[in-house]
Amino acid sequence: VDAVVVATGFTPFDANQKSTYRYGELPNVVTGLDLERAKRAHGKLVRPSDGKAPEKIAFIQCVGSRDERLGHLWCSQVCCPYALRSALSAKHQNPELDVTVFYMDIQNTTNNFPVFYQQCKDGFRFVRNIPVDMYEAEEGRVQTRFMGDEGDAAVDEEFDLVVLSVGIMPGASNAALAEALGLRLSGDGFVQTKDKLDSARSDADGIFLAGTVTGPRTIAGSMAQAGQSACDVVNYLGGA
């Protein structure tokens, strides 16, 4: 072939690496991906432990992203939007649902995000703190511990369901592809573009990049870069 487009995607963060959340041990601690699969299977939001609809749910942001202990300093860009959309969808199904969002910072990722975020703030409780421990409580509830608003005392609170907003990790094949194709990897393990102004080109002649192979990116951002990559391929091949 005369040109190659590398668009191999990403790997979701493995929530088992955050042992304090006890993912895989407590049945009602799930990831955002688990939540979507359950909604497809049941047509509504239910708890894995007993199939009942939760009355109180918590979303924990930046699981696997912006984590200095893990060496993952990047923002995954998609976690805030997908968690808030999931929460809003659940609230639409059950207006009485109690939703709490634990966060570091809410990332503004699109032009219409501020309006969407305001809609969420009107219906959810936002806590600018990340819980550090999870415990099993009665009837399958999950007890979380986090610092209060004043930051001087720990608060314990129970939820029927806890959703971990896992982030974007480099694709598992990135290292092998980089070696085979003569590409550079960043210190974070993503494939590097030739320069910031030429975001679809790689260092290797005839090889172009698209999507989250180069780093965390939204769906819209991935589509835009894919279009740029396609144009660059046409130009490279000498097309009009």
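For the structure, check the block above.
The present account deals with the structure reproduced in this document. The shown structure was predicted, so the numbers you read here are calculated from the model rather than taken from an experiment.

Calculation rules
- Residues numbered from 1 in each chain as written.
- Predicted model: local features only at pLDDT ≥ 70, side-chain atom pairs only at ≥ 80, totals over all residues.
- Heavy atoms only, no water.
- Buried < 20%, exposed > 50% of the residue type's maximum accessible area, 1.4 Å probe, protein only.
- Helix = DSSP H or I, 4+ residues; strand = E, 2+ residues; numbered from the N terminus.
- Pairing = 2+ DSSP bridges.
- 1 Å grid on protein atoms, 1.4 Å probe; cavity = no way out; pocket = protein on both sides within 12 Å on 5 of 7 lines; lining within 4 Å.
- Points joined across faces, edges and corners; volume = space filled by probe spheres on them.
- Nonpolar A, V, L, I, M, F, W, Y, C, P; charged D, E, K, R; others polar.
- Contact = heavy atoms within 4.5 Å.

## Let's talk about the pairing of strand E10 (residues 161-166)
Turning to step 1, where the next piece is worked out: By the criterion of burial, E10 is predominantly enclosed, with six of the six residues buried.
Turning to step 2, where the next piece is worked out: Every second residue of E10 is oriented toward a common face, with Leu 161, Val 163 and Ser 165 on one face and Val 162, Leu 164 and Val 166 on the other, all of them buried.
Turning to step 3, where the next piece is worked out: Sheet topology places strand E3 (residues 29-31) next to E10; three bridges connect them, and they run parallel. Residue pairing in the sheet places Val 30 in a bridge with Val 163 of E10.

## Here we look at the layout of surface pockets
Turning to step 1, where the next piece is worked out: For the largest pocket, the calculated volume is near 550 Å³.
Turning to step 2, where the next piece is worked out: Lining of the largest pocket is provided by 23 residues; of these, Phe 10, Val 78, Tyr 82, Arg 85 and Ile 219 occupy positions nearest its centre.
Turning to step 3, where the next piece is worked out: Contributing elements (two or more residues each) for the lining of the largest pocket: strand E2 (10-12), helix H1 (32-42), helix H2 (79-93), helix H3 (113-123) and helix H5 (219-236).
Turning to step 4, where the next piece is worked out: Considering every element that reaches the lining of the largest pocket, the biggest residue donor is H2, with four residues.
Turning to step 5, where the next piece is worked out: Here the residues of the lining of the largest pocket sort into 12 nonpolar, eight polar and three charged.
Turning to step 6, where the next piece is worked out: If you go around the second largest pocket, you meet 16 residues; those closest to its centre are Lys 18, Thr 20, Tyr 21, Asp 67 and Arg 69.
Turning to step 7, where the next piece is worked out: Its residues assigned to classes, the lining of the second largest pocket shows eight nonpolar, four polar and four charged.

## Thoughts on the environment of Pro 48
Turning to step 1, where the next piece is worked out: One can find Pro 48 in the loop between H1 and strand E4 (56-63).
Turning to step 2, where the next piece is worked out: Distance from Pro 48 to Val 30, taken between C-alpha atoms, is 8.5 Å for residues 18 residues apart in sequence.
Turning to step 3, where the next piece is worked out: Contact partners of Pro 48, with chain neighbours within four places excluded, come to Pro 27, Asn 28, Val 30 and Leu 161.

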